[in-house]
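Letter by letter, the chains look like this.
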Number of protein chains: 2
Amino acid sequence: MDCALVVVGAGPGGFDAALEAAALGIETVLVERENLGGTCLNWGCIPTKLFLGASAPLASLADHAKLKLIEYDPESVRVSLPALQNRKRKLIAGTHKAMTQRLKKAGVTLVQGSGRFTAPGVLEVEDAEGGVTSIQYKDAIVATGAGSASFPAIAPDGDAVLDPQQILDLETPPESLVIVGGGAIGIEMGEVFSRLGASITLVEAMDHLLPYEDTEIGGGLAKLLKRDKWALRIGERVASLKTMDGRAVLTMESGETIEADKALVAVGRKPNSAGIGLEAVGCELDSRGFVKTDENLNAAKNIYAVGDVNGIALLAHAATHQGHYVVRRIAGREEQPYAGGVIPACVYGSHEVMRAGLTEAMAVEAGGTVEVSRFQLAANPYAQAQSAGYGFVKAIWINGTLAGISALGHGVSHLVTLAEVLVREKITVDRLDRYVFAHPTLDEGLAEALRAPREAVS
Amino acid sequence: MDCALVVVGAGPGGFDAALEAAALGIETVLVERENLGGTCLNWGCIPTKLFLGASAPLASLADHAKLKLIEYDPESVRVSLPALQNRKRKLIAGTHKAMTQRLKKAGVTLVQGSGRFTAPGVLEVEDAEGGVTSIQYKDAIVATGAGSASFPAIAPDGDAVLDPQQILDLETPPESLVIVGGGAIGIEMGEVFSRLGASITLVEAMDHLLPYEDTEIGGGLAKLLKRDKWALRIGERVASLKTMDGRAVLTMESGETIEADKALVAVGRKPNSAGIGLEAVGCELDSRGFVKTDENLNAAKNIYAVGDVNGIALLAHAATHQGHYVVRRIAGREEQPYAGGVIPACVYGSHEVMRAGLTEAMAVEAGGTVEVSRFQLAANPYAQAQSAGYGFVKAIWINGTLAGISALGHGVSHLVTLAEVLVREKITVDRLDRYVFAHPTLDEGLAEALRAPREAVS
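Residues numbered from 1 in each chain as written. Chains lettered and ligands numbered in written order. Predicted model: local features only at pLDDT ≥ 70, side-chain atom pairs only at ≥ 80, totals over all residues. Heavy atoms only, no water.

Participant: Lay out helix H6 (residues 184-195) of chain B in plain terms, naming residues and giving numbers.
Facilitator: Residue and element names in this part refer to chain B. If you check H6, its first and last C-alpha atoms are 17 Å apart, about what twelve residues at 1.5 Å a residue would give, namely 16 Å. Within H6, nine of the twelve residues are buried, which leaves the element mostly enclosed by the surrounding structure. Among all positions in H6, only Gly 186, Ile 187, Glu 188, Met 189, Gly 190, Glu 191, Val 192, Phe 193 and Arg 195 are buried. (Helix = DSSP H or I, 4+ residues; strand = E, 2+ residues; numbered from the N terminus. Expected span 1.5 Å × (residues − 1). Buried < 20%, exposed > 50% of the residue type's maximum accessible area, 1.4 Å probe, protein only.)

Participant: I'd like to hear about the side chain of Arg 195 of chain B, residue by residue, with values.
Facilitator: All names here are of chain B. By the element assignment, Arg 195 lies in helix H6. Among the polar contacts listed, one links the side chain of Arg 195 to the backbone oxygen of Leu 52, at a separation of 2.7 Å. Discounting residues that sit within four places of it in the chain, Arg 195 has contacts with Leu 52, Ser 55, Ala 56, Leu 58, Ala 59, Gly 349 and Ser 350. (Polar contact = N/O pair within 3.5 Å; in protein donor to acceptor, adjacent residues only side chain to side chain. Contact = heavy atoms within 4.5 Å.)

Participant: Break down empty space enclosed by the protein for me, citing the residues and quoting the values.
Facilitator: Taken as a whole and assessed by the stated rule, the structure comprises two cavities of 30 Å³ or more. If you add up the space inside the largest cavity, you get close to 1000 Å³. Considering the residues around the largest cavity, the lining is formed by 45 residues, among which Gln 386, His 410 and His 414 of chain A together with Gln 386 and His 410 of chain B are closest to the centre. The set of elements that each furnish at least two residues to the lining of the largest cavity consists of helix H3 (45-66) and helix H10 (381-385) of chain A together with helix H3 (45-66) and helix H10 (381-385) of chain B. A per-class count over the lining of the largest cavity returns 18 nonpolar, 19 polar and eight charged. One number sums up the size of the second largest cavity: a volume of about 30 Å³. Looking at side-chain class alone, the lining of the second largest cavity contains three nonpolar, three polar and one charged residues. (1 Å grid on protein atoms, 1.4 Å probe; cavity = no way out; pocket = protein on both sides within 12 Å on 5 of 7 lines; lining within 4 Å. Points joined across faces, edges and corners; volume = space filled by probe spheres on them. Nonpolar A, V, L, I, M, F, W, Y, C, P; charged D, E, K, R; others polar.)

Participant: Outline the relation of the copies chain A and chain B, supporting the account with residue identities and numerical values.
Facilitator: After a rotation of 180° and a shift along the axis of 0.0 Å, chain A superposes on chain B with an RMSD of 0.0 Å. Such a turn and shift between the copies fits a two-fold axis. A shared binding surface is used by both copies, with 100% of the interface residues of chain A retained as interface residues in chain B. (Least-squares fit on C-alpha atoms with pLDDT ≥ 70 in both.)

Now the structure itself:
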C-alpha cells in the first residue's frame, strides 16, 4: 500500500492530523492498533468527565444542603454505576462510529493493527490475526500516545490495585479507595468515588497536590478536599502496594499500613515508544522514552512525532495542535518552528483548577521581576450565586508583563481558554476595557485578578 | 457641598464610575436614593442567579434521572424558598457593606437621597426625612437606571399580579404561574418556579421567544421549554390581567382566560428619567423616555448619561463599561467617541442562551452577503459528559467576516466573553490555531462552529 502520509495512532493527535491532511489533499493512511480516539476518548478525559458529570448533582445537593437551601435525604439519591458504565460504552461506541464515518467521508484509509517501522519509508502493520500490511509512505507522523506509568512495588494487578484505565471499568463503587498520586487523574477519580460514597485516602510524594501547578493552588485544593473528608498524606512516600485477601494494602515508607477496598495507582504517564521500530528510522528517545523532536517536531527525516509520545505537553488539545502544525508543514503551508505557546490545562470536579501560562515558581525560575495579583472568588457574584464563593484567580507577571493565570474554584475550567487568550495577548490593565466582561460571570474574576494590586515575589 | 463630579445612581454604571473617578484623583460625590448596587444587585441579575443556582441541582437530578444515571425520589428533594430568601438578604446586605467600605476607602462621598438637577452645576438631594443637600458640581453622570415597564391593562398589583421585583420576594412558591413576556426575565423566573414545582404558562406577543435574539435560538428554546412541560403561547396577545379572588386571571385577546396562583409581568424596562430635573440642565429624552446622548455619551454640557437610562444597551456590564469610558473622558484620558462594540448578553438557566455581536436578522438588516455556520453541541464531548448534548452554536458572517456568535444549550453562558473576543477580533478560520481550545470544554464548540461549512442566507 502506497501513500503520501502515514499516521500511526488515532488519538487526538493522529486522528485530527489525518483529517486535516486529507482536507489538504494529502493521500493519508491512519494506523490504529486498538480504538479510535486514543486514551482521551476511551480510557481518559471523556469517561472521567462523564463520571464527574453524572455524579455532580450529588456534590451540588450537598453544597446547597450545607447552606440549608435544599433539604433532602442523601441516602435517597444514588448514582447507578452500572447505568453509567452502560452509558459510557454507548457514548464511546457512538463516537467511534461517528469518527469512522468522518474518516471515510474525508477519504482517509484506516488500517487496524500494530504499526512498526522496518526501514525508512516502510511501516508494517500486523493485525489481530497476524496478517501483515506493508505501507510505503513519503512522510510519517508518530502519534502513539502514552500509557499509565507505575513502579514494581506498586504495580497495578487488576484485582484490588488498579490503574486509571481499570478503575473506569468498576461496576460497584468501593467503600474505601486509596490513591497513589495527587495529579489530575488521582484528584478527578477520587472525586468521582468520593461522591459515590467511598472514603478516600490520597498519598502524594511531592510537597503539594498537583505538583505541576502553583503551590498555592495545590495547597488550596488540599484544604477543600480535607473539608470533603479526604485523608491526605502529602509529602509521604509509599513503600509497597498490593492485593491481599482481595483488598488493597498499602505500606508507607514509615511502616504504617493503609487498607482499602481498592487502590488506584496514578503516578504519571510513560510514552508508547517501544516496539514500533523507531530505531529503524533513526528516531531517538530521551531517558524516559519520549521521542526527541526538533523545533519543527521532526523526529527523523520525514518522520514527525506529535502528542504525548514526544513529551512536550501531555494533553489532548496539545496533541491536536501539534498534529495540525505538522500537517501544514508537510503540505508546505508552514515554515515557522512549532510554537505551542500558552497551553491551557484543567483539573475537573467540584473544585476545579485551571492554568494558562506560567506558575509563580516557573516565573521565578524564568528570571526577571516576578509579581503576583489575586482575586478571591468569594467576591464574585456568579460564584456566590452558585453557593460556591471560594477559591481564587492568581495572575503572574514578569517585568510587568502578564505571564500566566491560574485559578482554583467551582467551575473555573470554564475560564481556561479566555485566560489563555489574555496571556497570549499579554493583555495590560490599561487595555482590559477593550473587552466587556459580561456580568454576572466567573469571567469577571479574570479581569479582577488582573486589576488587583500586585505584590512582589521574593 | 462642592465636588468635581457628582454621580446620580449607584448601580453598576454609577458605582463603578465613582470608584474609577476617585482612583484617578477626581473629587466625587455619589448620590443614591435607595440601595447601592441598583436593580442588578437588589432586584435583578444577582438574586435571579442565586435562585437559579440554588434550584439547579433539581434540574440536574431530573436530567440524569431521565438517562437512569441517577435514581431518586423527586418528592424527597426540596428547595427551601424561605431559606433562599434569607440567604438572598444576607448576600445583598453583605455586598452593600463591602460596597460602602470600598467607597469609603476610595474617598467617594455617598449622599443618600433623591437627586434633582435644579440648575446647571447644581444637584439637590432630598433625604427620607425631607432634608435637602445642595451639591455644586463641575461634571455630572446620570446613571439612574430603569424600572419595570407595564401597560394599564396588565399592571402589577403586588397581590397575584407581580412585577419582576415582587416575584423575587415570594416566600411560598406558586403552584401555577403565568408569565407575560418571553424575554430574559420571564424565561429565567419561569425556570426558577418551574423547578420549584409550578406549572408555567408563558405568553409572548412577538413571533418567537427572546425577541432580541436569533429566531433559531428563540425557536430552539421554545422546544426545550415545551419538553419541560411549559405551556407556551407565542405570537398571542393579552387583553387584560388582574387579581380576582386572590388569583391571577389573564384574558387573551381571543377571549380565552387563563388562571394561575400568580402572574409575572415582564414586558420590558422603562428608564428612570422623570422627576430628576433633567430638563433644567438641558437634557433631552427620546419618545420612550431614554436620555439622548451624543457619541461621547454627553447628554448636555458637562452632563453624561450611562447605563440603562440612555437606552443603548440595558445590561449591567454595558453600564459599567460606559461609566469607565466617561470617567476617562472627564479625566482627559480619552478623546475617542464611545465604542461599545460587541456587548455580550446571556440568558441563564438549564438551557442557556448567549450572544456576542449580530444575530442573523441584524446581519441581513446591515446588508452584505450573509452566511451562517453551525455546530450542534450533541457532538461536543463536554456537553455529552454533562448529559446535556443538545443545543448549538451559530456563527454569522458578513462578506466573509465574523459578525456574531450565538448559542443555545446547557452552560453556554460560560462561552460569552470568549465569543465576544473572537467576534471583536474578527477571527478567521486560518488563524484559529493561534489559540489552543482546551479539551474537553464547551469552548471547543465555538471553534467548531467557526470551522463548519457556511451556508448563504437568502
